[in-house]
Amino acid sequence: MAQDLVFAVQRHRATARHYDFRLELDGALVSWAVPKGPTLDPGVRRLAMRVPDHPMEYLHFEGVIPEGDYGGGDVIVWDTGVWVPVGTDDPAKALRDGELHLDLHGERLHGRFVLVRTGQERDLERWMLLHKHDEHAVEGWEAEDHPRSVLSGRTNDEVKADPDYLWRSDAPADEAQVGLKPATPDPPTEDELAALDALGTSGRWEVLGRTLKVTNLDKVLFPGREGEEPLTKRDLIRYAAQIAPVSLPYLAGRALNLHRYPDGADKKGFWHKEVPDHAPDWLPRWDNPDADPGETRTYLVVDEPAALVWAANFGALEWHPWTSPTAAPDRPSYVMFDIDPGGRTSWEETLVLARLHRSAFEAMDLRAYPKVTGRRGIQVWVPIRRGPDFAQTRRWAEKVSRSIGAVVPELVSWTWEVKGRGGLARLDYTQNAVNKTLVAPYSPRPAPGAPVSTPITWDELDDPDLRPDRWTVRTVLDRLADVGDPFRGVLHLDQKLPRVR
Ligand code: MN
């Protein structure tokens, strides 16, 4: 299957500042060091020294390289996207011959570029990088006028001061990137949980490093299931604190849409997006620069575990993080597949649809992660490299969904927007849109017993005991302790979408 070739440009401060221009070719990153950086100005030629190929794992590296190692210094991802060779179907040969024409589709670099070999300097080849006269050309355009990472929004100085990753050039490529931040924060202590139980109906709770005002703790929020006690707001808040360290990586760096049920799961819920004025100062927030007048501007971002406890106390029973990060709201991190049963769809039929998704992703050699919704359906998240916009991921999801649906046309309806769907299931690719969200992994759902949207392994689709609402606020923590979190792989945003017909 043909795939797009990716490229990245890293702004790298080592012995001297330069921009590393890297093109994917034959499974590696062919690289040039460009001292003044690429430009869109067609009147300027930039020196580009060919440097050793880098492993694909380095593509989106952003962090520090230890002093004394090759390239010791700090690195940001200054641009990334896809590239297309022009006028050749053998770009490796074009490089050997010393001239490659290419189109770049990046966040900053667009249009037709040319790389030309001009000579040799000691053991390095000297090349020129230039931009052609086309509709993307901009006179006077300078890389240095754009100092921030396209991935994190940070500058080299900011990354150097607080790096997330280290690169060890001497390690094998798949082990070279070393995380510097603790992966999982600590859960609340036994003493903290006991203190919540000891509170009256309201009070101040010290938990996860913050003091929160918690209210109406004995209010019933979820009716019980048959033979079980109902669940109170205290139960929800306790669960939010316990699950927060697990949920944090799925929520951090993303706007959170809150689905509030202040009067309980069996009453009407409503969306709440704007952070209210009375929210505490420490609560992490994000101002959406693209918000229209009258639209939500300031969103909650659960960048620390206590923020989720605040949301639960605010009556947010369901947690819906954006599928794009605040650093690039128009670039999704996941493609979402929503297997949404109709009134006539049985659980067995939902499983048939889920197994067809499993086969499709296996055939495409894509990592994809299923979870039961806690209501009746199953969702699948496919993590991707930053690049495509929502229109592209939505088109791709529609193609995959329609080819899956074509196998079992008797189970699926595509006419839901026009005239209902006759009780059939839908494969809802339309959720791939900015500020459209699916429920977060481990979020409760508004139903008796407080069911939880729970990640599963693909093998569990064949477990006869699987149910879409099998796990609840009362049981999912035991499952996590037993089997761990099968969704973790969704956090590795390293896949390209294969072309599909
Ligand atoms: Mn470099």
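A quick note: this is a predicted structure, and the numbers were derived from the prediction, not measured.

Right, let's talk about the overall build of the protein for a bit. When helices and strands are counted, the protein shows nine helices and 25 strands. Buried positions account for 54% of the 501 residues belonging to the protein. Summarising the internal contacts of the protein: among those between residues at least 6 apart in sequence, 64% fall at separations of at least 24. Seen as two clouds, the 63 positive and the 79 negative side-chain charges of the protein have centres 4 Å apart.

This paragraph deals with the pattern of salt bridges. Applying the stated criterion to the full structure yields 34 salt bridges. A salt bridge links E144 to R17, with the shortest nitrogen-to-oxygen separation between them at 3.4 Å. Of this pair, E144 sits in the loop between β9 (124-131) and α2 (156-161) while R17 sits in strand β2 (residues 17-25), and the two are 127 residues apart along the sequence. Between D266 and K267 there is a salt bridge; the shortest N-O distance is 3.9 Å.

So, about the environment of V382. Counting through the fold element by element, V382 comes out in strand β23 (residues 378-383). The buried category is assigned to V382, whose relative accessible area is 0%. Taking the C-alpha atoms as reference points, V382 and M336, separated by 46 residues in sequence, lie 6.4 Å from one another. Apart from the residues lying within four places of it in its own chain, the contact partners of V382 are S333, Y334, V335, F337, F361, L366, R367, A368 and Q495.

As summarised here, the arrangement of the five strands in space is β24-β21-β23-β22-β25, forming an open sheet in which the pairing is antiparallel. Across the chains shown, the open sheet's two edge strands, defined by having one partner strand only, are β24 (426-427) and β25 (454-455). Bridge count for strand β22 (residues 369-372) against β25 is two bridges, and the pairing is antiparallel. Counted as the bridge partner of K371 is P455 from β25. The sheet contacts of helix α7 (residues 390-405) involve β21 (334-340) and β24, and relative to β21 the element is tilted by about 35°.

For β21, a buried count of seven out of seven residues is recorded, marking the element as mostly surrounded by other parts of the structure. Pairing between β21 and β23: six bridges, direction antiparallel. Among the inter-strand pairings, M336 is bridged to a residue of β23, identified as W381. Where β21 meets β24, two bridges bridge the pair, whose relative direction is antiparallel. Note that in β24 the partner of I339 across the bridge is L427.

Each assigned domain of the protein is listed with its residue range as follows: domain 1 (5-179), domain 2 (182-321) and domain 3 (332-501). Between the C-alpha centres of domain 1 and domain 2 there is a distance of 42 Å.

Conventions and cut-offs
- Residues numbered from 1 in each chain as written.
- Predicted model: local features only at pLDDT ≥ 70, side-chain atom pairs only at ≥ 80, totals over all residues.
- Heavy atoms only, no water.
- Helix = DSSP H or I, 4+ residues; strand = E, 2+ residues; numbered from the N terminus.
- Buried < 20%, exposed > 50% of the residue type's maximum accessible area, 1.4 Å probe, protein only.
- Contact = heavy atoms within 4.5 Å.
- Lys, Arg positive; Asp, Glu negative; His and termini not counted.
- Charge placed at Lys NZ, Arg CZ, Asp CG, Glu CD.
- Salt bridge = Lys/Arg side-chain N within 4 Å of Asp/Glu carboxyl O.
- Pairing = 2+ DSSP bridges.
- Axes fitted to C-alpha atoms, helices over the stretch in contact; angles between N-to-C directions.
- Domains from an automatic or database assignment.

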